[in-house]
Amino acid sequence: MQKTKLIALLKTFTKQEMKDFEKFISSPYFSPGRNLKPLFNVLKKYYPEFNSPNLTHEKIYRKLYPGKKYEKKKSEHVLQVLVSEMMSLAEKFVVYDGFESGKFGFHYYSLLADEYLDKNLLDLALKTVFRNSKFIDNDIKTTYYYFRRLDISSSISNILLLQMKPQERIKYYSKDMLYIYSEIFSRFTAFHNAHNLDKISYNLIRKGEELIVHFIKTFDPELFEKECDEDDYETKNITLINYYYLKSHFDDNPKESILKAIDIYMNIFDKLTSHRHTQFNLFILLMNMCVPRSRYDSLFLSKGNDLVDFVWGRGIISHDIKQHIETKIYHLVLTFKMRFLSSGGILEFVSKYSDKTSPEFRVDIKNFSYACVYFKEKSFEKCLEQLSKKNSLSFPEIKLFRYIMKLCIMYEMSYFEAALSDIDSFNHFLSKNKNISVPVKIINLKLIQGLKKLIKVKLGENNEPGAEIREILELTQNSNWGYWFKEKIDELT
Amino acid sequence: MNKSKLIQLLKTFTKQEIKDFEKFISSPYFSPGRNLKPLFNVLKKYYPEFNSPNFTVEKIFSIIYPGKKYDKKKSGHALQVMVSEMTSLAEKFLGFEVLKKDNEGYGVYQSISKALLNRNFFVYSHKLNLKNIERIKKADSLLDFFHEMGQLNLNLQETTFFIKTQLESNKYFERMPLYFFGYMLWWLSKLINDYQAKAFTHNFNPKIIKLLEMCVKSFDPEIFKNECYDDGLGTKELVLAHYYLIKSQLGNEEEDLRAAIEIYKRHFHNFTRPVKWGFLIMILNICVLKRPVERIKYSSLGSNLIDFVIERGFYNYYEGQPMTRDTYYQFFSFKLDVQEYRSLKAFIDTSLEKISPEYRELVFQFSYAWLSFRNNDYERALEYLSKFSTQHIDIKNFSNMLRIASLFSLGHIEEALSGLNSFEHFARNNAVVSRVISNANSLFTKSVHALFKYRTDWATVDDNMLDKIIKDNRNSKFHFWFEAEAEKLRK
């Protein structure tokens with residue numbers, strides 16, 4: 001009995017849901033004809049664990065039918081029928097409850113509007129569609145959101161047609177085109193990101209990317225700007241940002257696209273005040289455009305920095321006002337800033353934002369942050385002290401960064417032999433660890449190779465230091481540590 | 001009370017819905033706390049008309065609260081609260097009812113699958129999603145095929161990832177381009193078809209064409225063929241068919257339209273009913289739009305397709321339902337261009353059996369008016385025409401022309417002229433009529449005016465002018481009539 005689907009589902013119910021489910025099975029509208037209340041009354045005694053040894057077919061049967069003889073085959077069959085019917089009701093309940101609590105609100109109002117249309121109640125249908133439009137006003141702007149906008153625009157258009165108002169309908173045609181494009185780019189972005197992630201993580205190459213490339217290359221943003229009307233939700237501008245984001249991946253020279261995307265974003269930022277989620281999601285999208293490229297081009301370093309100051313300076317540090325800064329994002333921004341800010345600048349950043357990180361990790365984040373400040377300050381003893389403190393931040397990016405930082409400190413403190421020995425064990429760790437993606441492995445392997453060579457140059461163990469230096473620069477320039485290696489080479493030359 | 005939203009809603013309920021609604025309001029799960037059963041018991045006595053003189057706030061109050069004094073303001077307010085709560089329940093009821101009925105419960109199962117996924121029931125949710133693919137195939141009112149299939153594949157990718165492997169889940173993910181390009185092209189073809197059909201009958205011009213053209217140019221069918229996987233349902237071909245359909249509407253490529261029709265026929269058995277229906281309507285709309293330029297060619301294309309679908313018993317969006325009046329009108333408009341008297345009569349007679357009984361009489365009068373006209377039996381044509389009226393803009397126009405032409409041929413010149421003048425007035429002053437229809441109306445009136453002139457003054461008959469009338473009307477439904485009348489005048 002404990003292993004039935006019904007029990008598995010009931011285990012997930014909250015107390016309130018159990019109460020509501022009780023009402024649900026007593027409702028004649030849903031009743032399958034059989035009275036399921038007695039079974040529910042027995043089962044609810046075992047809620048929420050449902051792991052009592054008494055929860056057996058026989059015991060339940062005896063409680064349901066006191067005085068009746070229990071015959072394994074026959075009685076179990078009777079019980080199975082009841083359980084199956086209750087399961088079917090429980091499934092319905094989770095759906096209807098979703099509607100009641102507003103989780104499936106959009107779907108519900110769409111169905112209602114369709115029903116009004118069927119009944120030729122056109123005014124009511126139109127009102128319901130407008131209500132639905134309001135309902136999704138604060139939704140997160142995902143692909144599904146644009147699908148819903150398109151659905152709403154098309155429903156309004158359809159009703160206006162039935163109301164014989166063709167002229168009023170015109171503007172909705174244009175809206176349809178806007179939402180088609182917004183949905184296309186949103187879908188493309190999701191597909192492209194997933195495609196890239198799988199390429200990096202699982203070495204999976206999928207078909208389909210070529211279609212997107214062709215689409216992006218033939219899209220004319222100027223024509224789109226001219227011919228498409230904006231709606232009340234900045235959809236047109238957000239669509240253009242998505243377009244420039246995708247274009248930046250397929251362009252030989254992505255600079256223009258990235259700068260345009262940032263420009264549009266900053267211009268519409270204040271208009272999105274009631275859409276914090278969108279403000280933040282677009283920020284992450286743009287940072288993802290700037291961070292990798294900042295290693296080749298200092299313009300992206302300063303643009304990325306401006307972006308962080310602009311967005312975080314306006315208090316948008318997370319998706320939700322109640323949320324803290326995500327540890328991964330804090331790390332991304334801190335390591336980004338480390339590349340060009342002085343220790344004073346880093347300290348200012350850390351003092352301002354480390355307290356806004358998740359309380360669960362705050363102490364660890366602070367330790368790590370001050371390690372960064374001391375590193376920039378060249379107070380390496382203090383930095384090591386911070387790094388040696390117990391740290392529960394287990395994200396591979398942070399772990400690897402700390403490891404490299406330690407190796408750099410060893411170099412700075414001239415512990416060359418210890419550094420070389422640690423480099424070997426780090427190399428071993430990287431080669432064996434399957435959780436680290438290939439590109440991340442490559443970057444870190446290059447870094448330690450560069451560090452090995454740097455130590456050799458420093459110790460004068462190389463006959464051609466010039467060639468070695470060039471190689472070091474090549475190996476390390478595309479990493480977060482490029483600035484440090486350059487600084488060390490400058491010191492040597 | 002009679003005009004309240006609640007009564008408006010209840011008036012549309014079927015008997016079964018009234019019964020179910022009674023259970024609904026008695027269900028503790030939906031109860032707002034107040035017992036609405038007494039109010040319902042009173043209201044249902046007035047169902048379905050709700051127009052009895054006893055149906056007043058005061059009467060209802062006195063039945064619900066016997067013995068209580070009726071105070072207009074206070075009692076009215078008490079009743080208003082109950083009515084408002086019942087309205088909200090009636091709305092909920094309708095939403096849930098349609099959810100229950102929707103495509104054999106597709107909506108419910110889709111929602112169950114989502115709800116189960118939220119509770120981490122991966123295996124169970126996975127099974128429901130697989131079943132839902134089967135439901136989509138059988139669905140009879142799900143137009144959003146591409147979107148739903150895309151969504152189901154995403155869900156399946158997610159559940160497969162949890163219960164199997166990343167590699168296995170990949171097979172669902174790699175179908176995504178198929179569905180989102182399908183979705184895009186389906187929307188575009190729907191949009192352009194709808195827009196052009198409306199622009200054909202109504203006078204408006206939204207600025208979407210350039211964007212639409214750009215979108216279509218951004219799709220490369222060759223890359224699509226190489227880069228997309230199919231799902232075994234003919235979806236890849238369907239996407240291409242939509243592409244050809246859009247192209248045929250943006251340009252004047254007959255080949256594109258033929259390619260789309262070819263795919264449609266080849267995969268007819270594969271496509272779901274709503275897809276089949278949506279596609280058929282789009283093709284016929286394109287033929288209608290192109291008929292003013294090359295009537296016989298596009299009418300033949302449409303007529304052949306109509307034969308193809310009727311042979312397969314496919315003439316309504318919903319399975320087992322009669323042919324609607326509008327579908328019949330559209331089919332008929334193709335047939336009258338290409339069929340001779342006997343075959344047209346056979347088409348009308350067999351179609352009449354398939355039409356919904358309440359429209360059978362109207363359809364009969366209209367069709368037989370045309371058939372008699374084709375048979376030069378103008379008296380009878382006028383008799384049939386006098387037996388119906390319609391607001392359908394196409395049919396109204398057509399019937400007016402038919403009447404004027406019949407009167408002319410019968411020699412009722414004054415009546416015909418008066419009909420022509422009022423038709424001209426109607427056509428000129430109707431701002432919502434599109435330029436295409438307006439041009440067609442104007443050509444008709446101009447040509448008939450010329451015939452009037454020649455008929456009243458034989459001396460002015462000019463062979464060249466008669467030839468011009470015939471030439472100008474070569475793509476009109478009345479071309480044969482103009483030919484015959486011109487011939488009479490020449491003699």
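In case you missed it, the structure is sitting above this.
Residues numbered from 1 in each chain as written. Chains lettered and ligands numbered in written order. Predicted model: local features only at pLDDT ≥ 70, side-chain atom pairs only at ≥ 80, totals over all residues. Heavy atoms only, no water.

Peer 1: What is the right way to look at unusual backbone geometry in this model?
Peer 2: Of note, the amide linkage connecting Tyr47 of chain A to Pro48 of chain A takes the cis form, showing an omega dihedral of 5°. Mapped onto the fold, Pro48 of chain A is located in the loop between helix H3 (37-43) and helix H4 (57-64). In this chain, Tyr47 of chain B is followed by Pro48 of chain B through a cis amide linkage whose omega measures 0°. Along the polypeptide, Pro48 of chain B turns up in the loop between helix H3 (37-46) and helix H4 (57-64). Phi at Phe50 of chain B is positive, roughly 55°, even though this residue is not glycine. Note on placement: Phe50 of chain B falls in the loop between H3 and H4. (Helix = DSSP H or I, 4+ residues; strand = E, 2+ residues; numbered from the N terminus.)

Peer 1: Explanation requested: the packing of helix H22 (residues 438-458) of chain A against helix H23 (residues 465-476) of chain A in the structure shown.
Peer 2: Each pair of packed helices can be described by the angle between their axes along with the distance between the axes. Residue and element names in this part refer to chain A. Viewed as axis vectors pointing N to C, H22 and H23 meet at an angle of 155°, and their least axial separation amounts to 9 Å. One finds that H22 runs roughly antiparallel with respect to H23. Crossing of H22 over H23 shows left-handed handedness. Where H22 approaches H23, its residues Lys446, Leu447, Gln449, Gly450, Lys453, Leu454 and Val457 are matched on the opposing element by Pro465, Glu468, Ile469, Glu471, Ile472, Leu475 and Thr476. Per-class residue counts for the contact of H22 with H23 are seven nonpolar, three polar and four charged. (Axes fitted to C-alpha atoms, helices over the stretch in contact; angles between N-to-C directions. Parallel < 35°, antiparallel > 145°, perpendicular 65-115°, else oblique. Left-handed = near helix turned anticlockwise from the far one by under 90°. Contact = heavy atoms within 4.5 Å. Nonpolar A, V, L, I, M, F, W, Y, C, P; charged D, E, K, R; others polar.)

Peer 1: Quick question: what am I supposed to make of the pattern of salt bridges here?
Peer 2: A side chain of one charge can pair with a side chain of the opposite charge when the charged atoms of the two come close. On inspection of all chains with the given rule, the structure shows 47 salt bridges over all chains. Residues Lys488 of chain A and Glu487 of chain A are paired through a salt bridge, measuring 3.6 Å at the closest nitrogen-oxygen approach. Classification of Glu487 of chain A as partly exposed rests on a relative accessible area of 29%. Between Glu22 of chain B and Lys37 of chain B there is a salt bridge whose closest N-O contact spans 3.7 Å. Within this pair, whereas Glu22 of chain B is found in helix H2 (residues 15-26), its partner Lys37 of chain B is found in helix H3, the two being separated by 15 residues in sequence. Bridged by salt links that share partners, the residues Lys378, Glu412, Glu487, Lys488 and Glu491 of chain A form one connected network. (Salt bridge = Lys/Arg side-chain N within 4 Å of Asp/Glu carboxyl O. Buried < 20%, exposed > 50% of the residue type's maximum accessible area, 1.4 Å probe, protein only.)

Peer 1: It is not clear to me how the packing of aromatic side chains should be interpreted in this structure. Could you clarify?
Peer 2: Two measures describe an aromatic ring pair: the distance that separates the ring centres and the angle between the ring planes. Under the criterion given, the structure shown has 112 aromatic pairs over all chains. Judged by centre distance (4.0 Å) and plane angle (20°), the ring pair of Phe24 of chain A and Phe30 of chain A falls under stacked. The exposure class assigned to Phe24 of chain A is buried, which follows from its relative accessible area of 0%. Aromatic side chains Phe268 of chain B and Phe308 of chain B sit 5.3 Å apart centroid to centroid with 85° between the ring planes, which places their arrangement in the edge-to-face category. You can see Phe268 of chain B sitting in the loop between helix H14 (254-266) and helix H15 (273-290) and its partner Phe308 of chain B sitting in helix H16 (residues 295-311), a full 40 residues away along the chain. Accessibility expressed as a relative area gives 8% for Phe268 of chain B, which makes it buried. Taking relative accessible area as the criterion, Phe308 of chain B reaches 13% and is therefore assigned buried. Between the NZ or CZ atom of Lys276 of chain B and the centre of the ring of Phe314 of chain B, over which it lies, the distance is 5.6 Å. (Phe/Tyr/Trp six-rings, centres within 6.5 Å; stacked < 30°, edge-to-face > 60°. Lys NZ or Arg CZ within 6 Å of the ring centre and 35° of its normal.)

Peer 1: I keep staring at the interface of chain B and chain A and nothing clicks. Help me out?
Peer 2: Reports often express the size of an interface as the amount of accessible area lost when the parts come together. Between chain B and chain A, the contact holds 80 residues from the first and 77 residues from the second. Summed over both sides, the interface between chain B and chain A buries roughly 7500 Å², with carbon and sulfur atoms accounting for 68% of that surface. Considering only the surface of chain B that becomes buried against chain A, Tyr29, Arg119 and Leu211 of chain B emerge as the three largest contributors, covering 11% of it. The tally of links from chain B across to chain A stands at one salt bridge. Where chain B packs against chain A, one counts 15 residue pairs in polar contact (both at pLDDT 80 or more). Its residues assigned to classes, the side of chain B that touches chain A shows 42 nonpolar, 16 polar and 22 charged. (Buried area = accessible area lost by both parts, 1.4 Å probe. Polar contact = N/O pair within 3.5 Å; in protein donor to acceptor, adjacent residues only side chain to side chain.)

Peer 1: Where do I start with helix H25 (residues 479-490) of chain B in this structure?
Peer 2: Note that an α-helix has 3.6 residues per turn; residues three or four places apart therefore point the same way. Residues and elements named next belong to chain B. Here H25 is 12 residues long and its end C-alpha atoms lie 16 Å apart, about the 16 Å a rise of 1.5 Å per residue gives. Residues of H25 that are buried include every one of Trp481, Phe482, Glu485, Ala486 and Leu489, and no others. Projected down its long axis, H25 carries its buried residues within an arc of 130°, all on one side. (Expected span 1.5 Å × (residues − 1). Arc of directions from axis to C-beta.)

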